[in-house]
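# Results of the structural survey
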Amino acid sequence: MMLSLLVCDVKLGGLIKEKLDIQCVSNDGVFELYRGVRNQLDSFFDTDAGAMKAMQLGLSHSLSRYKLKFSADKVDIMIVQAIGLLDDLDKEINMYAMRVREWYGWHFPEMAKIMNDNMFYAKCVQRMGMRINCKNCDFSDILGDETMEETLKKTAETSMGTEISESDLANIMSLCEQVVSLSEYRLQLFEYLKNRMAAIAPNLTIMVGELVGARLIAHAGSLLNLAKQPASTIQILGAEKALFRALKTKHDTPKYGLIYHASLIGQAAPKHKGKISRVLAAKTALAIRVDAMGDNAGPTIALESKMKVEARLRQLEGGQKMSLSASKSSHSVPKYDSSAAKALAPPKYNDSSDIVIEEKSSKKEKKSKRDRDDDEDESSKKKKSKKDKQ
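Everything in this summary refers to the structure shown in the same document. Nothing here was measured: the structure is a model prediction, and the numbers come from that model.

Criteria and cut-off values
- Residue positions within a chain follow its written sequence, with the count starting from 1.
- With the structure being a predicted model, the display of local features is reserved for residues of pLDDT at least 70 and the display and counting of side-chain atom pairs for 80 or more, all residues being used for whole-chain, interface and lining totals.
- Only hydrogens and water are removed before side-chain values are computed, so all heavy atoms of the structure are retained for them.
- Take the buried Ala, Val, Leu, Ile, Met, Phe, Trp, Tyr and Cys residues and link them wherever side-chain atoms come within 4.5 Å; each set so joined is a nonpolar core.
- Summary of the burial criterion: residues with accessible area below 20% of their type's maximum are buried, those above 50% are exposed, and those between are partly exposed, where the area comes from a 1.4 Å probe applied to protein chains only.
- Working definition: helices are DSSP H or I runs of at least four residues, strands are E runs of at least two. Numbering for both runs from the N terminus.
- When checking whether two residues touch, look at their non-hydrogen atoms; a contact exists if any pair is within 4.5 Å.
- For helices, the fitted axis covers only the stretch in contact; all axes are lines through C-alpha atoms, and the angles between them, taken along N-to-C directions, range from 0 to 180 degrees.
- Angle categories: roughly parallel below 35 degrees, roughly antiparallel above 145, roughly perpendicular from 65 to 115, and oblique for all the rest.
- By the convention adopted, Pro, Cys, Tyr, Trp, Phe, Met, Ile, Leu, Val and Ala count as nonpolar, Lys, Arg, Asp and Glu as charged, and the other residues, Gly among them, as polar.

## Here's the deal with the nonpolar core
One broad rule of soluble globular proteins: the nonpolar side chains tend to lie buried together. Formed by 40 residues in total, the largest nonpolar core has its most connected members in Leu193, Met197, Leu204, Val208, Leu226 and Leu280. When residues of this core are traced back to their parent elements, those giving at least two are α5 (74-105), α10 (166-200), α11 (202-208), α12 (210-220), α13 (223-227), α16 (263-267), α17 (273-293) and α18 (301-318). If you tally residues by element for this core, the top one is α17, at seven residues. Once residues within four sequence positions are removed from consideration, Val208 is found in contact with Gly213, Ile259, Ala262, Leu280 and Thr284. Core analysis: the next-biggest nonpolar cluster, separate from the first, contains 27 residues, Ile142, Ile172, Cys176 and Val179 among them.

Next up, the structure:
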């Protein structure tokens, strides 16, 4: 009688059969049997129900800690959260700064045209308060431009803005404080993100930069998931809606997604952006795989790959057609010599030296043509003689 082993996991049953040569069964009946065993597990042991539940809870916590400890994605989570928070901070800072400009613009409307930077605007509002105090304030440590400072002070004396109360100014000052604090925290977060990217994905950082690389990782979910993607997917990652809309309407598909914001694509002319994005995506895919699977701490393949992409960019702008492969041809193409080319060229075709064999039809046509010419000559002579007689 042949015995079989009931196994709930199909993969485990396959390994047992391969290693130990034991027949394993895994079907719906086995799953139902396991479910019944789990439901009646307490009756199989003489222990207290509370102790059993505590044991199950401790086992589940230990298993969860084990999975978190050895998770391949745990380092990528920091990058995903940091780039998400950075985007949220940008939105908040822009919204708060716009509100400061609109609010304080009632009191000093000309200041928005003089100063474009949101950080400088909020700091200057904090320092001077009412615009009548502008001429007594020193903005050299904030602006660093004497011309702008002088323009600001002169404009404050002749401003067309309305007067505001102290309570209005207090609320504006608190909002400016929020803008300054959020801007400073954003700088700290960007430095943290830059350090994390340099440690986790150095090759990707060199190819496309910290922000674009972090957004690619966040969009894919992890560095390992991004490494599994082909270069064509990395090229249009982030433009999925445009891709499916183009496929549905049978229009041209997008040439780039998040990778469009890389510095190398920004340097290219508009007509070359598609070609450069394809080359950059191919090299970036290799760099991502080295970062995800390699053991090197610093950049390796990205330095050479970036030089090749830059060389390709120069060739497109110069109109040259050359290969970017590392192997070079053993022989060089000789320079074109016009005189040597003319000497080696075959003689020119001369149609007068050809012998033409006339056919019967061509002879008849010539004879009929001669007869027509003779008739025309006779008619012209008759007409001339008639005129002479008259």
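## Description of the packing of α17 against α18
Two elements in contact, α17 and α18, have axes separated by 10 Å at closest approach and are oriented at 175 degrees. Of the possible angle classes, the one that applies to α17 and α18 is roughly antiparallel. For the pair α17 and α18, the contacting residues are Lys275, Ile276, Val279, Leu280, Lys283, Leu286, Ala287 and Val290 in the first and Ile301, Ser305, Lys308, Val309, Arg312, Leu313 and Leu316 in the second. Across the contact of α17 with α18, the residue classes break down as ten nonpolar, one polar and four charged.

## A word on the packing of α10 against α12
Between α10 and α12, the shortest axis-to-axis distance is 10 Å and the interhelical angle comes to 75 degrees. Put simply, α10 runs roughly perpendicular to α12. In contact with Phe190, Leu193, Lys194 and Met197 of α10, α12 contributes Glu210, Leu211, Gly213, Ala214 and Ile217. Looking at the contact of α10 with α12 residue by residue, the class counts come to six nonpolar, one polar and two charged.

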